[in-house]
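# Analysis of the macromolecular model
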Amino acid sequence: MLQGYRIRPFKPEDLEEVERINRVFLPENYPSYFFIENYRRFPNSFLVAEDNDGNVVGYVMCRVESYYARDQTILLGHVLSIAVSKKHRRKGIGKALMERAEKGLKGYGADAVYLEVRVSNEPAIKLYDDLGYKKLGIIPAYYADGEDAYLMYKMLDEEVEEALVEEVLGKRVVRI
């Protein structure tokens, strides 16, 4: 249970605050329509964290992507963006956002979920490790400033062969 915070679905009236958090705490920024389009298509995996006063202090935005490999279609959840305001970090908000997003993605039929994370972002990497994500490889110069990203993934459906997910996602990485 999150003490002093709650996780809830994003609402369009949250857009300004979510964009502010995105601009202030992440170097990768998105236009308004990108947030709204992902909300419209995948509302159960676009979530915000708010404090007891109703202030939005974090968010996670995900979508579901369809891939075809070995004569079958697999659905992969993609964590597009997650951020928590600096003064609200280290309180379990990121973990709670990710866990709720994974439930939303599973509800859309996602077989696995993946994300990209800066190789220098040790706190985020530790969080993803703790949540059961695995490093598949590195995407060289993924970020605009030239920094590499780890591509990390987690299986959501134990019926799907993990090697299939690795095959699909592995085309984007240099193996580590």
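Refer to the structure presented above.
Just so it is clear, the model here is predicted, and its values are computed rather than measured.

## Points about the overall build of the chain
Within the chain one finds five helices and eight strands. Along the chain, helices (α) and strands (β) appear in the sequence β-α-α-β-β-β-α-β-α-β-β-α-β when read from the amino end. A compact globule built from 176 residues would reach a C-alpha radius of gyration of about 16 Å, and the chain, at 16 Å, matches this within 12%. Counting the 176 residues in the chain, one finds 50% classified as buried. Intrachain contacts of the chain at a sequence separation of at least 6 include 64% that bridge at least 24 residues. Here the chain has roughly 9200 Å² of accessible surface; of this, 48% comes from carbon and sulfur atoms. In the chain, the 26 positive side-chain charges and the 29 negative ones have mean positions that sit 4 Å from each other.

## Notes on the packing of aromatic side chains
Enumeration according to the criterion identifies 10 aromatic pairs in this entry. Summarising the aromatic geometry, the rings of Phe-46 and Tyr-59 are spaced 6.5 Å apart at their centres and angled 55° between planes, so their arrangement reads as tilted. Here the residue Phe-46 occupies a position in strand 2 (residues 46-51), and Tyr-59 occupies one in strand 3 (residues 56-69), the gap between them amounting to 13 residues. Through pairs of rings, three or more aromatic residues link up here, namely Phe-10, Tyr-30, Phe-34, Phe-35, Tyr-39, Phe-46 and Tyr-59. A cation over a ring is seen here: Arg-118 above Tyr-143, with NZ or CZ 4.1 Å from the ring centre. Between the NZ or CZ atom of Lys-135 and the centre of the ring of Tyr-150, over which it lies, the distance is 4.5 Å.

## Re the layout of surface pockets
Approximately 1000 Å³ is the volume attributed to the largest pocket. Among the secondary structure elements, those contributing two or more residues to the lining of the largest pocket are strand 4 (72-84), helix 3 (93-107), strand 5 (112-118) and helix 4 (122-130). Across the lining of the largest pocket, the residue classes tally to 19 nonpolar, six polar and 11 charged.

## Considering the pairing of strand 4
Burial analysis of strand 4 places 10 of its 13 residues in the buried class, the great majority of the element. Examined bridge by bridge, strand 3 and strand 4 share 12 bridges and lie antiparallel to one another. Counted as the bridge partner of Tyr-59 is Ala-83 from strand 4. Count of turn residues in the strand 3/strand 4 antiparallel hairpin: two residues, of which Arg-70 carries a positive phi of about 50°. Pairing analysis gives four bridges linking strand 4 to strand 5, with the strands arranged parallel. Bridge pairing in strand 5 places His-78 opposite Tyr-114. Since strand 4 and strand 5 lie parallel, the crossover through helix 3 that links them has a hand, and here it is right-handed.

Rules of the game
- Residues numbered from 1 in each chain as written.
- Predicted model: local features only at pLDDT ≥ 70, side-chain atom pairs only at ≥ 80, totals over all residues.
- Heavy atoms only, no water.
- Helix = DSSP H or I, 4+ residues; strand = E, 2+ residues; numbered from the N terminus.
- Rg over C-alpha atoms; globule rule 2.2 N^0.38 Å.
- Buried < 20%, exposed > 50% of the residue type's maximum accessible area, 1.4 Å probe, protein only.
- Contact = heavy atoms within 4.5 Å.
- Areas by Shrake-Rupley, 256 points an atom, 1.4 Å probe, with all protein chains shown as cover.
- Lys, Arg positive; Asp, Glu negative; His and termini not counted.
- Charge placed at Lys NZ, Arg CZ, Asp CG, Glu CD.
- Phe/Tyr/Trp six-rings, centres within 6.5 Å; stacked < 30°, edge-to-face > 60°.
- Lys NZ or Arg CZ within 6 Å of the ring centre and 35° of its normal.
- 1 Å grid on protein atoms, 1.4 Å probe; cavity = no way out; pocket = protein on both sides within 12 Å on 5 of 7 lines; lining within 4 Å.
- Points joined across faces, edges and corners; volume = space filled by probe spheres on them.
- Nonpolar A, V, L, I, M, F, W, Y, C, P; charged D, E, K, R; others polar.
- Pairing = 2+ DSSP bridges.
- Right-handed = clockwise from strand over helix to strand, strands pointing away.

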